[in-house]
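Listed below, chain by chain, are the residues.
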Amino acid sequence: MKLEGVAAFVSVAEAGSISEAARRLGFAKSVVSERVAELERLLGASLMQRTTRKLSLTGEGELFLERARRIMRETIEAQAEIAERRGSLSGPLRLAGPIGFGTLHLGRMVNAFLAVHPAIELSMDLDDKFVDVAADGYDAVIRHGPIQDTRLIAKRLASSRRVLVAAPSYLEKHGAPASLEELDRACAILYSNRSADWRFRSGDGETILRPRACLRVNNGIVMRDAALAGLGIALLPTFFTYEQLASGALVQVDVGAEAEGAELYIAYTRNRSASAKLAALTEWLRQEIGTPAYWDR
């Protein structure tokens, strides 16, 4: 079985027509058609039903398509691994990350990484929901918080501080809480993708607050913007707020206790632990973020 035929079949199935597949592959329509026909002869089965208006897969075609995609994916990965052994980083890399951090920081860092390694074909999905790295087909995921999946290898990228912030207009109108007791009565902007608890450490140990919510939202940038609008007090990582704190648009609220921090990780499955692409990306992100992280300097 020739890989050219498998590649042609996958392209036709995904494009929906031989003409479009030929355009994508850069071949003549007759070449693509012959490669699919040769594959069908080798398999002894018809994979596609062709009419003048429509092309559709047969039952055998539907069954073979899943295997064919896997064959092509593993072939590309094998080519990339050989290139990596020769010192060249190339081939596909699929990454997932949180929306807020990805928008403000990760995109810029990844763009610079790809400029240095242009042969890498990166796909990056940003979503604040839980991602199952292996099941969802990702090579790695960026996470802000603990990695509890024992199937994953987690590499720390940076520490992350969380601080209470509010707009000067809110503090002028409602007053600045000076203790955890006063904070508990304030109007809070809460992150809705996890527990609404606010955790603090002080000389008295750990304190957990469940403040009254004036807004619940599943995106850190929207939370920050709500704080800028004077809606309430938000507990946010400094990578969301460092510029606004520096300009005075937001003010850090001191209640005499330190908010629980978190870590930024890149995590991947154990079978990807030897990937030179992931090792290079991990080191690149660490260098770009720095120690301490540039948003905490």
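See above for the structure.
Brief notes about the overall build of the protein
Part 1 of the reasoning: Of the regular secondary structure elements, the protein holds ten helices and 15 strands.
Part 2 of the reasoning: For the protein, whose C-alpha radius of gyration is 26 Å, the value lies well above the compact-globule estimate of 19 Å for 297 residues.
Part 3 of the reasoning: Counting only C-alpha atoms and orienting by the principal axes, one finds that the protein spans roughly 80 × 45 × 35 Å.
Part 4 of the reasoning: A buried classification covers 43% of the 297 residues belonging to the protein.
Part 5 of the reasoning: Split by element, the accessible area of the protein, about 15900 Å² in all, is 48% carbon and sulfur.

Focus: the sheet that holds strand β9 (residues 198-202)
Part 1 of the reasoning: What the three strands build is an open sheet, ordered β10-β9-β14; its pairing is antiparallel. The open sheet has two free edges, formed respectively by β10 (205-209) and β14 (258-259), since each of these has just one partner strand.
Part 2 of the reasoning: Where β9 lies against β10, five bridges are found, and the strand directions are antiparallel. Within the sheet, the bridge partner assigned to Ser202 lies in β10 and is Gly205.

Observations regarding a nonpolar patch on the surface
Part 1 of the reasoning: There is a patch of nonpolar side chains on the surface, built from Leu25, Phe27 and Val31 and spanning about 210 Å² of accessible area.
Part 2 of the reasoning: Examined against the element boundaries, Leu25 turns out to sit in helix α2 (residues 18-25).
Part 3 of the reasoning: Of the residues examined, Leu25 reaches a relative accessible area of 33% and is grouped as partly exposed.

Focus on the pattern of salt bridges
Part 1 of the reasoning: Going through the model one piece at a time under the given rule, you end up with 15 salt bridges.
Part 2 of the reasoning: With a closest N to O distance of 2.8 Å, Glu34 and Arg41 form a salt bridge.
Part 3 of the reasoning: The shortest N-O distance in the salt bridge between Glu206 and Arg199 comes to 3.6 Å.
Part 4 of the reasoning: Given the relative accessible area of 28%, Arg199 is considered partly exposed.
Part 5 of the reasoning: In this structure, a network of salt bridges that share partners links the residues Asp197, Arg199, Glu206 and Arg210.

Some thoughts on α2
Part 1 of the reasoning: Three or more residues of α2 are buried, namely Ile18, Ala21 and Ala22. All buried residues of α2 lie within an arc of 100° about the axis, which places them on one face of the element.
Part 2 of the reasoning: Where α2 is buried, its residues touch α1 (3-15), α3 (29-43), β1 (48-50) and β2 (55-57).
Part 3 of the reasoning: Backbone nitrogen of Glu20 and a side-chain oxygen of the N-cap are separated by 3.1 Å at the start of α2; the cap is Ser17.
Part 4 of the reasoning: Looking one or two residues past α2, Gly26 carries a phi angle of roughly 80°, positive in sign.

Examining the sheet that holds strand β13 (residues 251-252)
Part 1 of the reasoning: Strand order in the open sheet formed by five strands is β11-β8-β12-β7-β13, and the pairing between neighbours is mixed. Looking at strand neighbours, the two that pair on one side only are β11 (212-217) and β13, the edges of this open sheet.
Part 2 of the reasoning: Across two bridges, the pairing between strand β8 (residues 187-191) and strand β12 (residues 233-237) is parallel. Each bridged residue has a counterpart across the sheet, and for Ile189 the counterpart in β12 is Ala234.
Part 3 of the reasoning: Against the sheet, helix α8 (residues 220-228) makes contact with β7 (162-166), β8, β11 and β12, and its axis sits at roughly 140° relative to β12, the strand it touches most.
Part 4 of the reasoning: Relative to the sheet, helix α9 (residues 238-247) contacts β7, β12 and β13, its axis offset from that of β12 by approximately 115°.

As for the packing of aromatic side chains
The geometry of an aromatic ring pair comes down to the distance between the two centres and the angle between the two planes.
Part 1 of the reasoning: As enumerated under the stated definition, the model contains eight aromatic pairs in all.
Part 2 of the reasoning: Summarising the aromatic geometry, the rings of Tyr242 and Tyr294 are spaced 6.2 Å apart at their centres and angled 75° between planes, so their arrangement reads as edge-to-face. Residue Tyr242 is located in helix α9, and its partner Tyr294 is located in the segment after α10 (276-289); the two are separated by 52 residues in the primary sequence.
Part 3 of the reasoning: On the accessibility criterion, Tyr242 (25% relative accessible area) is partly exposed.
Part 4 of the reasoning: Classification of Tyr294 by relative accessible area gives buried; the value is 19%.
Part 5 of the reasoning: The ring of Phe27 has Arg35 lying over it, and the distance from NZ or CZ to the ring centre is 4.6 Å.
Part 6 of the reasoning: In this structure, Arg94 packs its charged tip against the face of Tyr138, placed 4.0 Å from the ring centre.

Some words on a negative patch on the surface
Part 1 of the reasoning: A surface patch of like charges, here negative, comprises Glu181, Glu182, Asp184 and Asp204.
Part 2 of the reasoning: Relative to the assigned elements, Glu181 resides in helix α7 (residues 180-183).
Part 3 of the reasoning: Judged by its relative accessible area of 54%, Glu181 is exposed.

As for the pairing of β9
Part 1 of the reasoning: Two successive antiparallel strands, β9 and β10, enclose a turn made up of two residues.
Part 2 of the reasoning: Of the strand pairs in this sheet, β9 and β14 are connected by two bridges, and their pairing is antiparallel. Its bridge partner being in β14, Arg201 is matched across the sheet by Glu258.

Definitions and cut-offs
Residues numbered from 1 in each chain as written. Predicted model: local features only at pLDDT ≥ 70, side-chain atom pairs only at ≥ 80, totals over all residues. Heavy atoms only, no water. Helix = DSSP H or I, 4+ residues; strand = E, 2+ residues; numbered from the N terminus. Rg over C-alpha atoms; globule rule 2.2 N^0.38 Å. Buried < 20%, exposed > 50% of the residue type's maximum accessible area, 1.4 Å probe, protein only. Areas by Shrake-Rupley, 256 points an atom, 1.4 Å probe, with all protein chains shown as cover. Pairing = 2+ DSSP bridges. Patch = residues over 30% accessible without salt bridge, like charges linked within 9 Å, V, L, I, M, F, W, Y side chains within 5 Å. Salt bridge = Lys/Arg side-chain N within 4 Å of Asp/Glu carboxyl O. Arc of directions from axis to C-beta. Contact = heavy atoms within 4.5 Å. Polar contact = N/O pair within 3.5 Å; in protein donor to acceptor, adjacent residues only side chain to side chain. Axes fitted to C-alpha atoms, helices over the stretch in contact; angles between N-to-C directions. Phe/Tyr/Trp six-rings, centres within 6.5 Å; stacked < 30°, edge-to-face > 60°. Lys NZ or Arg CZ within 6 Å of the ring centre and 35° of its normal. Lys, Arg positive; Asp, Glu negative; His and termini not counted. Charge placed at Lys NZ, Arg CZ, Asp CG, Glu CD.

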